[in-house]
Amino acid sequence: MQRHLSHMTWTEIRDLDKESGVVVLPIGSLEQHGAHLTINTDTYFAERFLELALEQLPDSIKVWCLPVMPITNSREHEGFAGSFWLSASTMMNVLRDIGASIARSGFRRLLLWNCHGGNIPLLDLMAREIRADTGLAVFTCFPPAALRDPVETNEREGTFGIHANDWETSVMMALAPQQVRADKLTAEYPDFAPAHLKLEGSAANVAWLTRDLSDSGVLGDATLSTPERGWQRLTPLVPKWVDMLSEISRFEFAS
Ligand SMILES: [Zn+2]
């Protein structure tokens with residue numbers, strides 16, 4: 001089945017049976033990923049992870065894809081060359097308009113399929129706004145979080161390994177080794193240990209920019225990375241994504 005809306009005509013899209021089914025907007029970023037990963041890493045993941053899931057998705061499950069959004073809210077990487085961003089207010093307006101046009105095309109559900117961690121708070125907020133403005137059922141997903149990391153790693157990587165780290169580097173080594181500069185693998189953790197403050201997800205958090213925490217742009221240890229560790233992470237994730245997409249494509253609130 002044709003899943004790419006951009007390859008269809010307007011009448012084909014008008015005539016789709018949209019009672020069940022979800023439009024997926026893949027969301028990446030174009031931002032520094034250390035000296036060892038290319039700046040399109042999150043954009044590549046957003047597109048490729050979705051492809052991997054679609055390859056296993058039964059034809060009866062209606063999932064239609066929009067082209068990827070490649071430049072998003074990467075403001076935390078400002079100051080590193082090759083980091084491009086939309087400000088929060090610009091991105092909110094872009095999402096509002098995309099959501100409105102999806103609703104006006106007659107679709108009922110929208111999934112924000114996002115592979116850039118920095119977008120998560122903004123997407124959660126905008127999902128609710130679009131829901132309220134348009135009546136669409138709106139879903140957010142950060143695909144790597146569909147499963148607890150099955151690969152053994154050290155405690156610091158578990159806490160601070162969040163960018164161009166073991167996970168991202170291993171998965172890129174598995175999927176697209178030509179996008180990894182193997183001679184530039186870096187480990188850098190922030191010197192950050194206040195008693196009551198965390199970087200995110202705690203009672204008290206500090207707003208940070210990458211340059212506050214890291215000289216290399218890396219937060220984590222890419223020297224742990226191997227293609228095998230990448231496949232160990234990816235292989236069990238793909239069926240989780242298939243199940244998630246299936247459920248979302250048919251979701252209705254009870255009342
Ligand atoms: Zn990334």
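Below, the structure is looked at part by part. Computed from a prediction, not measured in an experiment: that's the story for all the values here. (Residues numbered from 1 in each chain as written. Predicted model: local features only at pLDDT ≥ 70, side-chain atom pairs only at ≥ 80, totals over all residues. Heavy atoms only, no water.)

### A word on the coordination of the zinc ion
The protein atoms that coordinate the zinc ion are His33 (NE2), Asp42 (OD) and Glu168 (OE), at distances of 2.0 Å. Counting residues between consecutive donors of the zinc ion along the chain gives the motif H-x8-D-x125-E. With a gap of 126 residues between them, Asp42 in helix α2 (residues 41-56) and Glu168 in helix α6 (residues 166-175) connect regions that are remote in the sequence. A residue is classified by how much of its surface remains accessible, and Asp42, at 1% relative accessible area, is buried. Judged by relative accessible area, Glu168 falls into the buried class, the value being 9%. (Donors = N, O, S within 2.8 Å, 3.2 Å for Na, K, Ca; no water. Helix = DSSP H or I, 4+ residues; strand = E, 2+ residues; numbered from the N terminus. Buried < 20%, exposed > 50% of the residue type's maximum accessible area, 1.4 Å probe, protein only.)

### Some thoughts on the packing of α2 against helix α8 (residues 227-250)
α8 packs onto α2 with a crossing angle of 70° between their chain directions and a minimal axis gap of 9 Å. With respect to α8, the element α2 is oriented roughly perpendicular. As α2 runs across α8, the sense of the crossing is right-handed. Along the contact surface, α2 presents Phe49, Leu50, Leu52, Ala53 and Gln56, while α8 presents Leu234, Val238, Trp241, Val242 and Leu245. Looking at the contact of α2 with α8 residue by residue, the class counts come to nine nonpolar, one polar and no charged. (Axes fitted to C-alpha atoms, helices over the stretch in contact; angles between N-to-C directions. Parallel < 35°, antiparallel > 145°, perpendicular 65-115°, else oblique. Left-handed = near helix turned anticlockwise from the far one by under 90°. Contact = heavy atoms within 4.5 Å. Nonpolar A, V, L, I, M, F, W, Y, C, P; charged D, E, K, R; others polar.)

### A word on the nonpolar core
Residues Phe49, Leu111, Trp113 and Leu245 are the most contacted members of the largest nonpolar core, which totals 38 residues. Only β1 (22-27), α2, β2 (63-65), β3 (109-114), β4 (137-141), α6 and α8 provide two or more residues apiece to this core. Looking at this core element by element, the count peaks at eight residues for α2. Other than its neighbours up to four places away in sequence, Phe49 contacts Trp113, Cys115, Pro143, Pro144, Trp167, Val171, Leu175, Leu234 and Trp241. (Core = buried A, V, L, I, M, F, W, Y, C linked by side-chain atoms within 4.5 Å.)

### Section: the environment of Ile61
Structurally, Ile61 can be placed in the loop between α2 and β2. Spatially, the C-alpha atoms of Ile61 and Ser246 are 6.1 Å apart, while their sequence positions differ by 185 residues. Ignoring anything within four residues of it in the chain, the contact list for Ile61 reads Met1, Arg3, Leu245, Ser246, Ser249 and Arg250.

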